[in-house]
Amino acid sequence: MTGAQDARPGRDVRVVVVGAGFSGIGAAVRLRQEGFDDLVVLEKARDVGGTWRDNTYPGCACDVPATLYSYSFAPGPGWSRLFAGQREIHGYLRATAERYGVGEVLRCGVRVLRARWDRASARWQLDTTDGPYRAAVLVLATGPWHRPRLPDLPGLGGFAGPVFHTARWDHGVDLTGRRVAVVGTGASAVQVVPEIQERTAALHIFQRTAHWILPKPDLPLPRPLDRLRRTPGGHRALRAAQYGLQEAFGFAFRHPWLVRPVQAGARAHLRLAVRDRGLRRALTPDYALGCRRLLTSSTYYAALARPHVHLHPTAVTAVRADRLVGADGSQVRADVIVLATGFHIGDLPLARQVRGADGRTLHQVWNDGPEAYLGTSVSGFPNLFLLLGPNVHTGNTSAITVVEAQLAHLTAALTHLGRSGRAVLDVRPAVQAAYNAAVQKALRTTVYNSGGCSSYYFSPSGRNAFIWPWSTGRLVRRLNRFDPAAYTWYGRAGELRAPVR
């Protein structure tokens, strides 16, 4: 689905949604269902799909069960596996956008360059590659898994062969019979390494930090489950069961002593798959399970045990011609470098381009790390809503559950705004501050903060700006319970007054 390029939505609209991944498509569907038809979705790429459009590396798949990793209002058409792959998920998103007519309000190939709140008109003024847009409400649905993190390695630009990030996989490069170096051992690496190892003459993996890995039952969807999924209520029952299983992990992460049995299972998985004691020692983390993102794979360890696959438990410090230099002084020759180095998780796309009521950007306001009220509203940025913003990620369940709850909060806010006769809402600074203080206090005793590791959950200042410290159910209830008293309301049509906080 490439968008309605011939249909030109209005440039002065009620709502502008930026991004057409899971969050943006969901926003378009939910807003239109609630009667907010005066909107436009701006997507910089030529197709919808977000991270599932961009990540096409071999083995790319979701680590959340497919039935749960989908919209509650749009059951999948028939997932082929318990854990869906990239092509199926991207196809599902395109089909859902088509089914709900998102193309009618979608503008693909349009990049937002700047956005600023104009007090006089009570509008967001957007500069885009398609010209200016004005909107009463701005929804940022750009997501955290968006901008690849490229390591600053001396000499990388002068490497003799191809270099590419997993999120920008170069399918024109044939890895057959070549020496390949993979930098990083996170979520994408554990998927791509088993897929490419058989083709390579030698595969070198540079591991800066070991990860806990649980086996992944990546199997074709059993027929009984598929039939149940297609029966009335069956889809909801399966989602509920999978939700409960994922929440059990979340409960353990909030009570670190309960992590020990799961960690013992991860140790057993490693011990059964890797017989070499030295390799097993290098693959064993020195922190509590759950402190960093928990990975799942039933093939990664087996791939590392192959004779032509070599794990280097060291960071890469430099590249010299056709060699990678490790922090331990080791040097490895390679023909191709694959960067499995993740994303700029804590650096929200457009944070440097979005200016609020006082002229400061989100990036400037967030100099201590991203912060928002319920991960959705930021004080000083009127009528702005974030999807998958700070501290709404649970670390254990589907992000789609969170997105749908945020969309319920968004539509409730816009409905209240319409009924109030006011033009603007802005979360109160004291409310946002008190909420975030409670979040940070609750995080102290979770495995995310106390597990003895560093991770992308933390901002440079050391504050956990990513994780929600309580159950997903509590987050959903908080988002569904819209509280008008948390906001300042001001301005009427043609008449704006200064807000009283």
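The sections below set out a description of the structure shown in this document. (Residues numbered from 1 in each chain as written. Predicted model: local features only at pLDDT ≥ 70, side-chain atom pairs only at ≥ 80, totals over all residues. Heavy atoms only, no water.)

1. Structural notes on the packing of aromatic side chains
What counts here: Working definition: a ring pair exists when centres of Phe, Tyr or Trp rings (six-membered ring for Trp) sit within 6.5 Å. Plane angles under 30 degrees give stacked, over 60 give edge-to-face, the rest tilted. Every helix listed is a DSSP run of H or I at least four residues long, and every strand listed is a run of E at least two residues long, numbered separately from the N terminus. Classification of residues uses two cut-offs on accessible area relative to the type maximum, computed with a 1.4 Å probe and protein chains only: under 20% is buried, over 50% is exposed, and between them is partly exposed.
A complete count under the given rule lists 24 aromatic pairs for this structure. Look at Tyr-373 and Tyr-487: their rings are 6.1 Å apart centre to centre, the planes differ by 75 degrees, and that puts the pair in the edge-to-face class. Of this pair, Tyr-373 sits in the loop between helix H10 (362-365) and strand S18 (384-386) while Tyr-487 sits in strand S20 (residues 487-490), and the two are 114 residues apart along the sequence. With a relative accessible area of 7%, Tyr-373 lands in the buried category.

2. A look at the sheet that holds strand S7 (residues 163-165)
How we decide: Any two strands between which DSSP finds at least two bridges are classified as paired. Note on method: axes are straight lines fitted to C-alpha atoms, helices fitted across the in-contact stretch only, with angles between N-to-C directions ranging 0 to 180 degrees.
Spatially, S7-S16-S8-S9-S12 is the arrangement adopted by the 5 strands of the open sheet, whose pairing is parallel. Edge positions in the open sheet fall to S7 and strand S12 (309-312), since each of these has one partner strand only. Neighbour to neighbour, the strand axes of the sheet diverge by 20 degrees on average, direction disregarded. In the sheet, strand S8 (residues 179-183) pairs with strand S16 (residues 336-339) via 4 bridges, with the strands oriented parallel.

3. Focus: the packing of helix H11 (residues 399-420) against helix H14 (residues 472-480)
Short version of the rule: Here the angle decides the label: under 35 degrees means roughly parallel, over 145 means roughly antiparallel, 65 to 115 means roughly perpendicular, and every other value means oblique. For any helix crossing, the convention is left-handed if the near helix is rotated counterclockwise from the far helix by under a right angle, and right-handed if that rotation is clockwise. Here, residues are in contact when the closest pair of their heavy atoms is within 4.5 Å. For this classification, Asp, Glu, Lys and Arg are treated as charged, while Ala, Val, Leu, Ile, Met, Phe, Trp, Tyr, Cys and Pro are nonpolar and the rest, including Gly, are polar.
Running from N to C, H11 and H14 cross one another at 15 degrees; their axes reach a closest spacing of 8 Å. When the interaxial angle is binned, H11 and H14 end up roughly parallel. Crossing geometry of H11 relative to H14 is assigned as left-handed. Contact residues: H11 offers Thr-401, Val-402, Ala-405, Gln-406, Ala-408 and His-409, while H14 offers Thr-472, Leu-475, Val-476, Leu-479 and Asn-480. Residue composition of the contact of H11 with H14, grouped by class: 6 nonpolar, 5 polar and no charged.

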